[in-house]
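Spelled out, the chains give:
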Amino acid sequence: SSEKRYIAKIVSARAETFTGSTRDDYSRPTNSYLPKGTVDYCYPQKITDPESGKKYYLMAGGYRVYAKDSNVKLYKGTLPSKNSVKVSKITQSGNKLKLKFSLKFKAPFRVTLGKQEYKNPKTQEYQISTATYTYLDIKFLYSNKFSGKIELPKNSLFKKAKVLKSDGCYKLRLYLKKKGMFYGWDSYYNSSGELVFSFLLPTSIYKDKTNSYGYSLKGTTIVVDAGHGGTDPGALSYTGSAKYCEKYYTLLYAKYLRKELKKLGARVVMTRTSDEYISLSKRRSIIRQSGA
């Protein structure tokens, strides 16, 4: 339809998503975030979680996002009824495998690990006894066309890829080389407007008899994040002492951990090294920029 409707555009670097059929604030491992620039139709009425008081927008794709100006911007317009996905380029550099796609428009997607067994998702118990997943799915919402070949370079993470169709949409299934062995992903739109999925490749850890641990971490980058700090004390000391609150011990332990990791040859990046407040967004930025 050419009739203008409400559209939500993600304006934060990454927007957390929530299950659309709920109105709670539970962050589930089955929900994936969306990168800056993503657009989708939405309902202009805000949904409120009665427990937390937080507000959300319900999107046409069946998920919710925080209804904050720093997260999404609403405007009226029209989007294409269907999306096309084309494989643009697949590259491997350092510890990253990158898949690039050209899209008709910046539609939402879902990333899930399959098939992972959880204790009881109905009661929000997402504990796992073991990692059972063997593949990763990227489902491109509203897609009715998928073109281009998925030719994976030799890598330490995925063994093969397959394009499937599910619920009228195309999805890319990436099969893991080892069950339960997945190390994280990121997504963003590059300067050319391509959707980039970046997957972290595992770093080899070698045996080393020259230290008491028996291993070398040479070539690895590890981020050590000391929680709290500055105006955020964390848990307070039961004695009431301002000095010995949680932020004091997280930094103490982080510095000790840095020393031990460096002994093994690792490059260590700290989110903080003194009693200062570091926002969650800055911590995320440090982690992503570190190449850990």
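Our structure's up above, just so we're on the same page.
Residues numbered from 1 in each chain as written. Predicted model: local features only at pLDDT ≥ 70, side-chain atom pairs only at ≥ 80, totals over all residues. Heavy atoms only, no water.

**Concerning the packing of aromatic side chains**
Reasoning step 1: Inspection of the entire model under this criterion finds 19 aromatic pairs.
Reasoning step 2: Here Phe140 and Phe146 contribute two aromatic rings whose centre-to-centre distance is 6.2 Å and whose plane-to-plane angle is 55 degrees, an arrangement assigned as tilted. Just as Phe140 is buried, Phe146 falls in that class too.
Reasoning step 3: Positioned over the ring face of Tyr56 is Arg64, at 4.5 Å from the centre of the ring. (Phe/Tyr/Trp six-rings, centres within 6.5 Å; stacked < 30°, edge-to-face > 60°. Buried < 20%, exposed > 50% of the residue type's maximum accessible area, 1.4 Å probe, protein only. Lys NZ or Arg CZ within 6 Å of the ring centre and 35° of its normal.)

**Some words on unusual backbone geometry**
Reasoning step 1: The peptide bond linking Gly114 to Lys115 adopts the cis configuration, its omega dihedral lying at -15 degrees.
Reasoning step 2: As for its placement among the helices and strands, Lys115 is situated in the loop between β12 (109-114) and β13 (135-140).
Reasoning step 3: For Gln124, which is not a glycine, the phi torsion comes out positive at approximately 65 degrees.
Reasoning step 4: Among the structural elements, Gln124 can be located in the loop between β12 and β13.
Reasoning step 5: Residue classification places Gln124 among the partly exposed positions, given a relative accessible area of 26%.
Reasoning step 6: The phi angle at Tyr142 is positive, at roughly 70 degrees, despite the residue not being glycine. (Helix = DSSP H or I, 4+ residues; strand = E, 2+ residues; numbered from the N terminus.)

**Remarks on helix α2 (residues 280-290)**
Reasoning step 1: Arg283, Ile286 and Ser290 are the residues of α2 that are buried. The arc that holds the buried residues of α2, viewed along the axis, is 60 degrees, so those residues lie on one side. Exposed and facing more than 90 degrees away from the buried side of α2 are Leu280 and Gln289.
Reasoning step 2: Note on α2: the residue one or two positions beyond its end, Gly291, has a positive phi of about 70 degrees. (Arc of directions from axis to C-beta.)

**Some remarks on the environment of Asp225**
Reasoning step 1: Topologically, Asp225 is positioned in the loop between β21 (221-224) and α1 (246-263).
Reasoning step 2: Once the C-alpha coordinates of Asp225 and Val269 are considered, the two residues, 44 residues apart in sequence, prove to be 8.5 Å apart.
Reasoning step 3: Dropping the residues within four chain positions of it, Asp225 is found in contact with Thr271 and Arg283.
Reasoning step 4: In terms of polar contacts, Asp225 uses its side chain to reach the side chain of Thr271, at 2.6 Å.
Reasoning step 5: Within the structure, Asp225 has its side chain in polar contact with the side chain of Arg283 (distance 2.5 Å). (Contact = heavy atoms within 4.5 Å. Polar contact = N/O pair within 3.5 Å; in protein donor to acceptor, adjacent residues only side chain to side chain.)

**Here we look at a nonpolar patch on the surface**
Reasoning step 1: On the surface, a nonpolar cluster with roughly 380 Å² of combined accessible area is contributed by Tyr213, Tyr253 and Tyr256.
Reasoning step 2: For Tyr256, the location among the structural elements is in helix α1. (Patch = residues over 30% accessible without salt bridge, like charges linked within 9 Å, V, L, I, M, F, W, Y side chains within 5 Å. Areas by Shrake-Rupley, 256 points an atom, 1.4 Å probe, with all protein chains shown as cover. Salt bridge = Lys/Arg side-chain N within 4 Å of Asp/Glu carboxyl O.)

**A short note on the layout of surface pockets**
Reasoning step 1: Of the volumes computed, that of the largest pocket is approximately 830 Å³.
Reasoning step 2: Contributing to the lining of the largest pocket are 23 residues, with Arg14, Ala15, Glu16, Tyr33 and Arg284 lying nearest its centre.
Reasoning step 3: Every element with two or more residues in the lining of the largest pocket is listed here: β2 (14-15) and α2.
Reasoning step 4: Looking at the lining of the largest pocket, the element that brings in the most residues is α2, giving five residues.
Reasoning step 5: Its residues placed into classes, the lining of the largest pocket shows five nonpolar, 11 polar and seven charged.
Reasoning step 6: Counted as a void, the second largest pocket has a volume near 330 Å³.
Reasoning step 7: Residue lining of the second largest pocket: 14 residues in total, with Lys96, Trp185, Asp186, Ile287 and Arg288 positioned closest to the centre.
Reasoning step 8: Going through the elements one at a time, β11 (96-103), β17 (185-189), β18 (195-200) and α2 are the ones with two or more residues in the lining of the second largest pocket.
Reasoning step 9: A class-by-class count of the residues in the lining of the second largest pocket yields six nonpolar, three polar and five charged. (1 Å grid on protein atoms, 1.4 Å probe; cavity = no way out; pocket = protein on both sides within 12 Å on 5 of 7 lines; lining within 4 Å. Points joined across faces, edges and corners; volume = space filled by probe spheres on them. Nonpolar A, V, L, I, M, F, W, Y, C, P; charged D, E, K, R; others polar.)

**Regarding the sheet that holds β13**
Within a beta sheet, neighbouring strands are joined by backbone hydrogen bonds and run either parallel or antiparallel to one another.
Reasoning step 1: Taken in spatial order, the four strands of this open sheet run β12-β13-β16-β15, and their pairing is antiparallel. Since the sheet does not close on itself, it has two edges, and those belong to β12 and β15 (158-166), each with one partner. Going from strand to strand, the sheet's axes swing by 20 degrees on average, the running direction of each strand aside.
Reasoning step 2: Taken together, the eight bridges between β15 and strand β16 (residues 169-176) define a ladder with antiparallel strand orientation. The residue of β16 that forms the bridge with Lys165 is Tyr170. (Pairing = 2+ DSSP bridges. Axes fitted to C-alpha atoms, helices over the stretch in contact; angles between N-to-C directions.)

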